[in-house]
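Each chain, letter by letter, is given below.
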Amino acid sequence: MPLIITPGQLSRRADFYHQLGQLTGAGLGLVQALEQLKRHPPARSYREPIARLLQQIASGCTLTDALQRSGHWLPAFDIALLQAGEHSGRLDACFRLLADYYTDRARLARQMISDLAYPAFLLHFAIFIFPFAQFFASGNWVVYLCQTVGVLIPLYAVVALMIFAAQSRHGETWRACFESLLRPIPVLGMARHFLALARLASALEALLSAGVTVIEAWEMAATASGSPALRRTVLAWRPQVNAGQTPAEAVSASGSFPDLFASQYGTGEISGKLDETLRRLHGYYQEEGSRKLQAVSRWTPRFIYFGVVLMIAYRILAFYTGYFNMVKDAGGF
């Protein structure tokens with residue numbers, strides 16, 4: 001897995017899952033679908049991992065086992081969701097869910113990069129132009145490079161570190177820390193939480209419809225949600241549920257689920273229409289989470305742009321203030 005995943009790589013992963021969903025949904029077996037993708041992959045780099053998967057499956061492994069033995073080719077979140085799909089017999093639905101997830105991530109990443117292009121240009125322009133007057137007078141390249149490149153390199157390092165930290169390739173401890181840092185951030189934290197709830201509802205509906213026991217279904221769905229906090233919460237339920245507490249009561253008492261989710265789930269559990277309720281919850285939280293994430297991708301570049309403009313205005317004001325003070329001290333006024 002690459003160090004930093006680009007929008008193009010996200011799109012190719014979305015294409016990979018989209019093709020798998022189409023092929024398995026059309027009635028092809030998993031092996032035949034993977035063989036077809038091996039011949040016509042979304043990118044040449046996919047041929048070798050797909051070949052390894054086919055070898056593992058041919059030796060008797062399940063898809064989940066084969067993915068876990070393939071190293072870090074796919075994030076743990078993908079493997080957990082595919083495990084839920086394999087367990088429920090609805091792999092095609094999980095493939096489509098992952099395809100939509102990565103398509104949305106690629107689109108938001110491209111939008112963010114496009115919106116950040118002009119603020120980034122202004123920032124670089126300001127960093128290089130303001131020390132130029134001093135460089136023009138002194139001709140000292142060392143000082144000029146320290147004032148320009150010396151500022152940009154730490155800035156690039158911070159941005160690269162933030163992008164790397166946000167990748168889904170990391171282990172659960174890292175992802176749990178990252179989730180706890182992002183959760184208090186307005187809009188962004190809620191958007192991530194809503195999308196995790198949407199994935200949990202979708203996986204839970206598939207598992208319960210396949211006849212998986214309720215506590216096992218909840219634990220697998222929580223893992224498939226991609227949220228370490230939700231997973232820890234659900235794993236702590238087992239003693240209470242085994243003692244007779246219903247999942248609806250556990251959801252309400254946990255405090256980790258919104259009131260809407262808890263009330264809707266309780267109603268579905270009592271009415272016997274839990275599958276319908278979970279599909280409705282998936283649709284609602286998927287839509288709300290995507291809407292909030294789109295708002296973040298639109299407004300973040302604008303805040304950065306205003307910050308750059310304010311920095312430029314401050315530097316211009318400081319330059320002219322210093323210039324007029326110098327003229328005043330020289331007796332020009």
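That block above? That's the structure.
Residues numbered from 1 in each chain as written. Predicted model: local features only at pLDDT ≥ 70, side-chain atom pairs only at ≥ 80, totals over all residues. Heavy atoms only, no water.

## Section: the side chain of R199
Here comes step 1: Counting through the fold element by element, R199 comes out in helix α10 (residues 188–209).
Here comes step 2: Here R199 sits buried without a salt bridge, and the closest side chain of opposite charge, E179, lies 7.6 Å off (N-O distance).
Here comes step 3: Leave out the neighbours within four places in its chain, and R199 touches F77, Y101, A224, S225 and G226. (Helix = DSSP H or I, 4+ residues; strand = E, 2+ residues; numbered from the N terminus. Buried < 20%, exposed > 50% of the residue type's maximum accessible area, 1.4 Å probe, protein only. Lys, Arg positive; Asp, Glu negative; His and termini not counted. Salt bridge = Lys/Arg side-chain N within 4 Å of Asp/Glu carboxyl O. Contact = heavy atoms within 4.5 Å.)

## A look at the side chain of E179
Here comes step 1: Along the chain, the position of E179 falls in helix α9 (residues 172–182).
Here comes step 2: Among buried Asp, Glu, Lys and Arg side chains, E179 stands out as unpaired, with R232 the closest opposite charge at 5.4 Å.
Here comes step 3: A distance of 2.5 Å separates polar atoms of two side chains, one belonging to E179 and the other to S227.
Here comes step 4: Setting aside residues up to four positions removed in sequence, E179 forms contacts with R192, S227, P228 and A229. (Polar contact = N/O pair within 3.5 Å; in protein donor to acceptor, adjacent residues only side chain to side chain.)

## A look at the pattern of salt bridges
Here comes step 1: What the rule picks out here adds up to 8 salt bridges.
Here comes step 2: Residue R279 pairs with E205 through a salt bridge whose shortest N-O separation is 3.2 Å. On the criterion of sequence distance, the pair formed by R279 in helix α16 (residues 274–329) and E205 in helix α10 is long-range, its members being 74 residues apart.
Here comes step 3: With relative accessibility at 6%, the residue E205 sits in the buried group.
Here comes step 4: Each of R90, E205 and R279 takes part in a single network of salt bridges with overlapping partners.

## Quick look at the packing of helix α2 (residues 30–39) against helix α3 (residues 47–58)
Here comes step 1: One way to put it is that α2 packs onto α3 with a least axis distance of 9 Å and a crossing angle of 155°. It follows from the interaxial angle that α2 and α3 lie roughly antiparallel. The handedness of the crossing between α2 and α3 is left-handed. Of the residues in α3, those touching α2 at L30, V31, L34, E35, L37, K38 and R39 are R47, I50, A51, L54 and I57.
Here comes step 2: When its residues are assigned to classes, the contact of α2 with α3 shows 8 nonpolar, no polar and 4 charged. (Axes fitted to C-alpha atoms, helices over the stretch in contact; angles between N-to-C directions. Parallel < 35°, antiparallel > 145°, perpendicular 65-115°, else oblique. Left-handed = near helix turned anticlockwise from the far one by under 90°. Nonpolar A, V, L, I, M, F, W, Y, C, P; charged D, E, K, R; others polar.)

## Looking at the packing of aromatic side chains
Here comes step 1: The full count for this structure, using the stated rule, is 21 aromatic pairs.
Here comes step 2: Taken together, the ring pairs connect F194, W218, W237, F257, F261, Y265, Y284 and Y285 into an aromatic cluster. (Phe/Tyr/Trp six-rings, centres within 6.5 Å; stacked < 30°, edge-to-face > 60°.)

## Digging into helix α15 (residues 259–271)
Side chains of residues three or four places apart in an α-helix project in the same direction, reflecting 3.6 residues per turn.
Here comes step 1: Its 13 residues place the ends of α15 18 Å apart at the C-alpha level, agreeing with the 18 Å of an ideal helix rising 1.5 Å per residue.
Here comes step 2: For α15, the complete set of buried residues consists of F261, A262, Y265, G266 and G268. The buried side chains of α15 occupy one side of the element, clustering within an arc of 165° when seen end-on. Exposed residues lying more than 90 degrees from the buried face of α15 are D259, T267 and I270.
Here comes step 3: A positive backbone phi angle near 80° is found at G272, which sits one or two residues after α15. (Expected span 1.5 Å × (residues − 1). Arc of directions from axis to C-beta.)

## Thoughts on the state of the cysteines
Here comes step 1: Per the counting criterion, the structure on display carries 0 disulfides.
Here comes step 2: Here C61 stays free of any disulfide, with the sulfur of C94 as its closest cysteine sulfur at 20 Å. (Disulfide = S-S within 2.5 Å.)

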